[in-house]
Amino acid sequence: MGIFDAQAQSADGQSSAISSIMQTYSVRLKPGQDLKKSLDLLVQQERIGAGALITCVGSLTDVTLRLANQEGPSVWRGHFEIVSLVGTLSTSGSHIHLSVSDSTGRTIGGHLLQGCIIYTTAEILVGVMPELTYSREPDPTFGYHELVIRKRKKK
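Now for a look at the structure at hand. Source: prediction; values computed, not measured.

We now examine the side chain of Ser90. Examined against the element boundaries, Ser90 turns out to sit in the loop between strand S3 (74-89) and strand S4 (95-101). At 2.9 Å, the side chain of Ser90 and the backbone oxygen of Tyr134 are in polar contact. Ignoring any residue separated from it by four or fewer positions in sequence, one finds Ser90 in contact with Val43, Ile48, Gly49 and Tyr134.

Moving on, we get to the packing of aromatic side chains. Across all of its chains, the model carries 1 aromatic pair by this definition. Taking the centre distance of 6.5 Å and the plane angle of 35 degrees together, the rings of Phe142 and Tyr144 count as tilted.

By the definition in use, this model includes 5 salt bridges. A salt bridge links Asp40 to Lys36; the shortest N-O distance between them is 2.9 Å. With Asp40 and Lys36 both in helix H1 (residues 35-45), this residue pair falls 4 residues apart, about one helical turn. The partner of Glu131 in a salt bridge is Lys151, and the shortest N-O contact between them spans 3.8 Å. A residue pair is termed long-range when its members are at least 10 positions apart, and Glu131 in the loop between strand S6 (117-128) and strand S7 (132-138) and Lys151 in strand S8 (residues 145-151) qualify at 20 residues.

Calculation criteria
- Residues numbered from 1 in each chain as written.
- Predicted model: local features only at pLDDT ≥ 70, side-chain atom pairs only at ≥ 80, totals over all residues.
- Heavy atoms only, no water.
- Helix = DSSP H or I, 4+ residues; strand = E, 2+ residues; numbered from the N terminus.
- Polar contact = N/O pair within 3.5 Å; in protein donor to acceptor, adjacent residues only side chain to side chain.
- Contact = heavy atoms within 4.5 Å.
- Phe/Tyr/Trp six-rings, centres within 6.5 Å; stacked < 30°, edge-to-face > 60°.
- Salt bridge = Lys/Arg side-chain N within 4 Å of Asp/Glu carboxyl O.

See below:
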């Protein structure tokens, strides 16, 4: 048996892969909306237990990120293209990264925080795995709350 198997938790602590069907939500955000607040609202309204950002294109005027290994937020103002929005979504905790580029092509990225304001649009495709639930639990390696994937209990 390889390191990926059909178990949510492998006995030896190795990574595992769990399959699920997927449904999708297509969303368009409009000027002035906050990207993170809007995603959080979608997750809550649709009760997304296990989701993923599939793609996003759009633009922002304000960008607020937590950069790698930094405690607080970094803020930029101007006009930015969204070049990447990736992450896992769940009512029990989402983990989202955003990359944007400015008018010179300079690109920055980090953890998405509130304060990323839509300029013209954000066209987003979200995938939801209804057979799974995602949670965030302490990982002893570094002490961070990391993703735990489980099959959803049948009702």
